[in-house]
Amino acid sequence: DNMYTVLAGITTAAGFKTTVSTVEILGKVWSQVPKGLRPWVGIFPRSTKYQYLPANRVRGVFRIAIIAHVAPGTMAAKRESLNDLEDDIFAALNADTTRNLNAISTTIVETETDEGDPESEGSMVIEVDVAYLRTTGST
């Protein structure tokens, strides 16, 4: 929920380079996102890895893919839009890496874009790890 709220807050009025039109907790390919909904950002939960610690504690690292699609245009326009949106997502996620005190850390670990392809669609995937602690008996 925190990540959704943070990403939905990416607007030029808030000092970002981009205004995100739509954020969904869903993964979609470029062709599934109507032009009027772009720039579109999807939050796609992936896997969690666990490390068991003393005193019934567990450290989890939750991998999340953030998928983004920008509006069509020239290769240069898509490249600029992708780079601006990547900068904005990076800044937004790093403003509070504890996800409102629910996590130990938020780390952006990888970004992949199609910006080098002359026939690119204007898409990127940003891999994010959110680390947190829990106990073995809590829900």
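Every chain begins its residue count from 1, and numbering advances along the sequence as written. Totals for whole chains, interfaces and linings use all residues, but because this is a predicted model, local features are given only for residues with pLDDT of at least 70 and pairs of side-chain atoms are given and counted only at 80 or more. Note: side-chain values were computed over all heavy atoms of the structure, leaving out hydrogens and water.

Q: Please give an account of the overall build of the chain that cites residues and values.
A: In terms of helices and strands, the chain carries 2 helices and 5 strands. Going residue by residue from the N terminus, the α and β elements of the chain occur as α-β-β-β-α-β-β. C-alpha extents for the chain along the principal axes are approximately 55 × 30 × 20 Å. For the chain, long-range pairs separated by at least 24 residues make up 55% of all intrachain contacts whose partners lie at least 6 apart in sequence. For the area figures, the Shrake-Rupley method with a 1.4 Å probe applies, and any residue is considered shielded solely by the protein chains shown. Working note: accessible area of the chain is about 7,700 Å², and carbon and sulfur atoms make up 53% of it. Positive charges come from Lys and Arg alone, negative charges from Asp and Glu alone, with His and the N- and C-terminal ends not counted. Here the site of a charge means NZ on Lys, CZ on Arg, CG on Asp, or CD on Glu. The distance from the centre of the 13 positive side-chain charges to the centre of the 17 negative ones in the chain is 7 Å. Strands are runs of DSSP state E lasting at least 2 residues, helices are runs of H or I lasting at least 4, and numbering of each runs from the N terminus. Contacts between residues were defined by any pair of non-hydrogen atoms, one from each residue, lying within 4.5 Å.

Q: Summarise unusual backbone geometry; cite the residues concerned and give the values.
A: Of note, the amide linkage connecting arginine 38 to proline 39 takes the cis form, showing an omega dihedral of 0 degrees. For proline 39, the position within the fold is in the loop between strand S1 (22–24) and strand S2 (40–53). Notably, alanine 55 is not glycine yet its phi reads approximately 65 degrees, a positive angle. For alanine 55, the location among the structural elements is in the loop between S2 and strand S3 (57–69). Even without glycine at this site, arginine 99 takes up a positive phi of about 50 degrees.

Q: If you had to explain the pattern of salt bridges to someone new, which residues and values would you point to?
A: We count a salt bridge whenever a side-chain nitrogen from Lys or Arg sits within 4 Å of a carboxyl oxygen from Asp or Glu. By the definition in use, this model includes 5 salt bridges. Between arginine 46 and glutamate 127 there is a salt bridge, and its shortest N-O distance comes to 2.8 Å. With a gap of 81 residues between them, arginine 46 in strand S2 and glutamate 127 in strand S5 (residues 123–135) connect regions that are remote in the sequence. The buried label goes to any residue with under 20% of its type's maximum accessible area, the exposed label to any with over 50%, and the partly exposed label to all in between, with areas taken from a 1.4 Å probe on protein chains only. Look at arginine 46 and you get partly exposed, because its relative accessible area is 46%. Residues glutamate 127 and arginine 63 are paired through a salt bridge, measuring 3.7 Å at the closest nitrogen-oxygen approach. Remark: arginine 63 occurs in strand S3 and glutamate 127 occurs in strand S5; sequence separation between them is 64 residues. Relative accessible area serves as the criterion here: at 10%, glutamate 127 is assigned to the buried category. Using a relative accessible area of 24% as the deciding quantity, one classes arginine 63 as partly exposed. Within the structure, one salt-bridge network assembled from shared partners comprises Arg46, Arg63, Glu127 and Asp129.

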